[in-house]
Amino acid sequence: MMNVRLLKAKRVERNVKQKDLATVLGITEKAMCQKECSEVNKFKAEEMVEIVKALNLSFPEFDAIFFDRELTKCLRRNIKT
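A. The packing of aromatic side chains, seen in detail. Evaluated as defined, the whole model comprises four aromatic pairs. Judged by centre distance (6.4 Å) and plane angle (50°), the ring pair of F59 and F62 falls under tilted. Of this pair, F59 and F62 both sit in helix α5 (residues 59-67), three residues apart, which is roughly one turn of the helix. Looking at F62, the relative accessible area reads 16%, which means it is buried. Ring centres 5.5 Å apart and planes at 50° place the aromatic pair F62 and F66 in the tilted group.

Structure below.
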C-alpha cells in the first residue's frame, strides 16, 4: 500500500507542485492526482524513478512511500543470512 500522505508531504516540503510532477512524468495533472491520491500504488517503475529524482528522495523515503518499508525489511533479512 502506498503512503499517499507521505508522498504529498515530501512533494510539498520540496516545493514541487502536482502539476510539475505530472510534467516530469509526461502525464496530465488529472492523471497525476488520481495516482497520487490512490493508496494502491499506480505508478510504473519508471515513474517512481522519476519521482525519486524530482523530489530528491532518499532510499528510506522512497521505500516508506511506495513499499511500506518492505524493501528495507527484505534487505535486512538477506544481509543476516
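B. Structural context of the pattern of salt bridges. Applying the stated criterion across every chain yields a total of eight salt bridges. In this structure, K35 and E47 form a salt bridge, with 2.6 Å as the shortest nitrogen-oxygen distance. Taken together, the residues span a long stretch of sequence, with K35 in helix α3 (residues 29-36) and E47 in helix α4 (residues 45-55) at a distance of twelve residues. When the shortest N-O distance is used, the salt bridge between K53 and E50 registers 3.6 Å. Residue K53 and its partner E50 are both found in helix α4; the two are separated by three residues, about one turn of the helix. Connected through shared salt-bridge partners, K10, E13, R14 and E61 make up one network.

Rules used in this analysis
Residues numbered from 1 in each chain as written. Predicted model: local features only at pLDDT ≥ 70, side-chain atom pairs only at ≥ 80, totals over all residues. Heavy atoms only, no water. Phe/Tyr/Trp six-rings, centres within 6.5 Å; stacked < 30°, edge-to-face > 60°. Helix = DSSP H or I, 4+ residues; strand = E, 2+ residues; numbered from the N terminus. Buried < 20%, exposed > 50% of the residue type's maximum accessible area, 1.4 Å probe, protein only. Salt bridge = Lys/Arg side-chain N within 4 Å of Asp/Glu carboxyl O.

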